[in-house]
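# Residue-level structural notes
Residue strings, one per chain:
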Amino acid sequence: MKNRTLTFSIFRYNPATPEIKPHMQSYQLDETTGMTVFVALNRIREEQDPSLMFDFVCRAAICGSCAMLINGKPRLACKTLTRDYGSKITLMPLPVFKLIGDLSVDTGTWFRHLSIKTRAWIHTNKEFDPKALEERMDNATALEIYEPERCIECGCCIAGCATANIREDFLGAAGLNRVARFMVDPRDHRTEQEYFEVVGSDEGVFGCYGLMACDDNCPTQLPLQWQLAFVRRKMAVAGLKR
Ligand code: SF4
Ligand code: SF4
Ligand code: FES
């Protein structure tokens, strides 16, 4: 079977050269077996246009760097096979995040802000005793914590979220998933009222419309629907007690 010729229509804009307005640029490439969008982008950069900006680190759907809009949907370029698409593929940078250039966005600053805002570390009343033996955690609890920990901070759930696109401070599914992680951790001594201060607002769980685009777009298949419902239930009860 003859290989297809793919046409990539790619968003171009470099904030360092604002005199060149944002525009779409087309590149053609022969498809190879098992080609991912990431492989295609690398070839375009190597063979046709060294100025093309996009991010990657792991090439294995682990680091979350290569997320972008592929035909309008947030996806990881390194996990997306070109054979699942027609011969025309449109690539845009993720919305919500600050544009670095072309397909590259700054998710790092956004997620750092999220960690600070959700106070994403163990809050304990226990005095640290360096001589104490490590405490065992039962497997079921460890697995419950491990599940939300699988977030790779790619930003796909945020980019596809209606609220995050209009409300700058919305924590999004990634933020609420992060809070859920600490809620199930018995070492964290925060009360429901303390969590309410963090997520009991329209910037947190009450700004969520519940239409679950986040759940559809998460490349690690995190059970975001379940995590959001868990946080919402807890915060509704905490709100009633206030
Ligand atoms: S369910 Fe909530 S967090 Fe998920 S995409 Fe919709 S509004 Fe955003
Ligand atoms: S929850 Fe899923 S989609 Fe959202 S940042 Fe984490 S891995 Fe990406
Ligand atoms: S390059 Fe790491 S997730 Fe795609």
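Residues numbered from 1 in each chain as written. Chains lettered and ligands numbered in written order. Predicted model: local features only at pLDDT ≥ 70, side-chain atom pairs only at ≥ 80, totals over all residues.

Broken down by element type, the protein chain carries 9 helices and 7 strands. For the protein chain, the spread of C-alpha atoms along the principal axes amounts to about 60 × 40 × 30 Å. Of the contacts formed within the protein chain by residues at least 6 apart in sequence, a portion of 66% connects residues at least 24 apart. (Helix = DSSP H or I, 4+ residues; strand = E, 2+ residues; numbered from the N terminus. Contact = placed C-beta atoms within 7 Å.)

Attention now moves to the sheet that holds strand 5 (residues 88–92). Strand pairing in a sheet is mediated by backbone hydrogen bonds. Such pairs are either parallel or antiparallel. Pairing in this open sheet of 5 strands is mixed, and the strands run 2-1-5-3-4 from one edge to the other. Strands at the two margins of the open sheet, each flanked by one partner only, are strand 2 (23–30) and strand 4 (73–76). Direction aside, neighbouring strands of the sheet carry axes that sit 35° apart on average. Note that strand 1 (residues 5–12) and strand 5 share 4 bridges and pair parallel. Opposite F8, over in strand 5, you have I89 as the bridge partner. (Pairing = 2+ DSSP bridges. Axes fitted to C-alpha atoms, helices over the stretch in contact; angles between N-to-C directions.)

Let us now look at the domain arrangement of the protein chain. As assigned here, the protein chain comprises domain 1 (5–105) and domain 2 (118–241). Between domain 1 and domain 2, the C-alpha centre-to-centre distance is 31 Å. Opposite the 14 residues of domain 1 that make contact, domain 2 presents 12 residues. Looking at the side of domain 1 that touches domain 2, the element that brings in the most residues is strand 4, giving 4 residues. A class-by-class count of the residues in the side of domain 1 that touches domain 2 yields 10 nonpolar, 1 polar and 3 charged. (Domains from an automatic or database assignment. Nonpolar A, V, L, I, M, F, W, Y, C, P; charged D, E, K, R; others polar.)

What follows deals with the nonpolar core. Counting 56 residues, the largest nonpolar core has C157, L176, V179 and V199 as its most contacted members. No other element matches the 7 residues that helix 6 (residues 172–183) contributes to this core. Summarising the domain contributions, this core has at least three residues from each of domain 1 (5–105) and domain 2 (118–241). (Core = buried A, V, L, I, M, F, W, Y, C linked by C-beta atoms within 7 Å. Buried ≥ 20, exposed ≤ 12 C-beta atoms within 10 Å, placed from the backbone.)

In this section: the site of ligand 1. The local shell around ligand 1 holds 13 residues, among which C161, A173, C208, A213 and C214 are the closest. If you list the elements that add at least two residues to the shell around ligand 1, you get helix 5 (162–166), helix 6 and helix 8 (213–217). (Near = placed C-beta within 6 Å.)

The next point concerns helix 9 (residues 224–241). Along its 18 residues, helix 9 runs 26 Å from first to last C-alpha, staying within 8% of the 26 Å computed at 1.5 Å per residue. Residues L224, Q227, L228, V231 and M235 constitute the buried set of helix 9. One side of helix 9 holds all its buried residues, which, seen down the axis, span an arc of 95°. Of the residues in helix 9, the exposed ones pointing more than 90 degrees away from the buried face are R233, V237, L240 and K241. Looking at the buried side of helix 9, the elements it contacts are helix 3 (139–149), helix 4 (156–159), helix 6, helix 7 (192–199) and helix 8. (Expected span 1.5 Å × (residues − 1). Arc of directions from axis to C-beta.)

Turning next to unusual backbone geometry. In this structure, R119 is a non-glycine residue whose phi angle is positive, near 50°. Here R119 shows up in the loop between helix 2 (107–117) and helix 3. Even without glycine at this site, Q221 takes up a positive phi of about 50°. As for its placement among the helices and strands, Q221 is situated in the loop between helix 8 and helix 9. Classification of Q221 as exposed rests on a count of 8 C-beta atoms within 10 Å.

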